[in-house]
Amino acid sequence: MISIRQAVYEDIPQIMKFIDAHWKKGHILARDREFFEWQFVDDGQINVFLAVDDTAGKIYGMQGVILYSKRPNPDISGSIWKTIKSPNPVLGMELEKYMFDQLQVRYSCSAGLSNKANRIYKMLGMSPTVMDHYYRLADITNYKIAKIKNKMIPKAEDTGYGLKSIHTVEEMKEIISEEVLANCIMSKDYAYIQKRYFDHPVYQYDIWKIVNQDGTSNSILITREERAEDRKVGKIIDFYGDLHDLGKITCSLDHLIKEKQYEYMDVYSFGIPVQLYEQAGFIRCDMDSENIIPNYFHPFEQRNVTLRLMDPRIEGFRLFLGDGDQDRPC
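Everything quoted here is computed from the prediction, not taken from an experiment.

Caption draft 1: Structural detail: the side chain of Ser217. Mapped onto the elements, Ser217 comes out in strand β11 (residues 217-228). Accessibility expressed as a relative area gives 18% for Ser217, which makes it buried. Reaching out from Ser217, the side chain makes a polar contact with the backbone oxygen of Ile210 at a distance of 2.9 Å. Here the side chain of Ser217 touches Ser219 through a polar contact of 3.4 Å, landing on its backbone oxygen. Ignoring sequence-local partners within four residues, the contact set of Ser217 consists of Ile175, Lys209 and Ile210.

Pasting the structure below:
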């Protein structure tokens, strides 16, 4: 008989083998125990739910979860939802329902849905959509990471807004309070922020406060570098604060692009008015765009990438690449 339960610490080696065999061979969550524990273990709790044969101990399914806070009724993102052939044709749905019931989830949304997950959610009457992808090019003569057939760099207005680096979560709290975080859709707490961006075991994130003409700040921007073909790019990973600030920093981003010698900076998001990007001088990138702005670097793939999700139909909902598990080494 197959039963569904939350994983315990002793399950981790078998879960990693399941990921390697049934999700992706050589995946970082299948071969790097330290990274697996960073992503899924919180205060001794394993944020993975399993469908397991009681007798043989064989795993038939798993649902990984990223919890954004330790509050009751947390907001979450799923991470690796996978079942294999079993006597139960709806095992995947039962596994997910069990997870929702146990955690008493408020909101859940994941980007980067697999083809199978996309089909299942559509059958349940949910509406598929994609994240918006925008970029701004460096003004250089040739590109190696990007493939540029039509070079466009719209003129940007100098608003006087700047970026100032911060290095601790305490500095971020001075700008974005715990109360502000708690009142957001997809609500996070600072334990999550500390772990996700300040204590990441692999990636180095740059955390910036956006400073206006008066020297005050209401917003935080998080970016990260990627390298390929002996070149670099900058990626906007997350944002907290006043959305209008996001549209006023193009000249500062241009300065950063030049200083860091990036080929471009790009951003994946959902729920951000696209007019904000376009008025700020960013260019939209879709699967059929003539320019190629890669998103996969481990290994590097020079192609445009669409990140899918189910439309949450929630007013005020925002999603960036840093949400869930899309911005991680593979």
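Read on for the rest.
Caption draft 2: Highlighting empty space enclosed by the protein. What the rule picks out here adds up to one cavity of 30 Å³ or more. There is about 40 Å³ of room inside the largest cavity. In this structure, the largest cavity is lined by Ile236, Leu246, Ile249, Leu253, Val267, Leu276, Tyr277, Ala280 and Phe282.

Caption draft 3: Structural view of unusual backbone geometry. Each neighbour pair has its own omega, and for His298 with Pro299 the value is 5°, a cis peptide bond. Tracing the sequence through the fold places Pro299 in the loop between β15 (296-297) and β16 (300-301). Although it is not a glycine, Met186 sits at a positive phi angle of roughly 60°. Mapped onto the elements of the fold, Met186 is located in the loop between α7 (178-182) and α8 (190-198). You will see that Arg313, though not glycine, has its phi angle at about 55°, which is positive.

About the cut-offs
- Residues numbered from 1 in each chain as written.
- Predicted model: local features only at pLDDT ≥ 70, side-chain atom pairs only at ≥ 80, totals over all residues.
- Heavy atoms only, no water.
- Helix = DSSP H or I, 4+ residues; strand = E, 2+ residues; numbered from the N terminus.
- Buried < 20%, exposed > 50% of the residue type's maximum accessible area, 1.4 Å probe, protein only.
- Polar contact = N/O pair within 3.5 Å; in protein donor to acceptor, adjacent residues only side chain to side chain.
- Contact = heavy atoms within 4.5 Å.
- 1 Å grid on protein atoms, 1.4 Å probe; cavity = no way out; pocket = protein on both sides within 12 Å on 5 of 7 lines; lining within 4 Å.
- Points joined across faces, edges and corners; volume = space filled by probe spheres on them.

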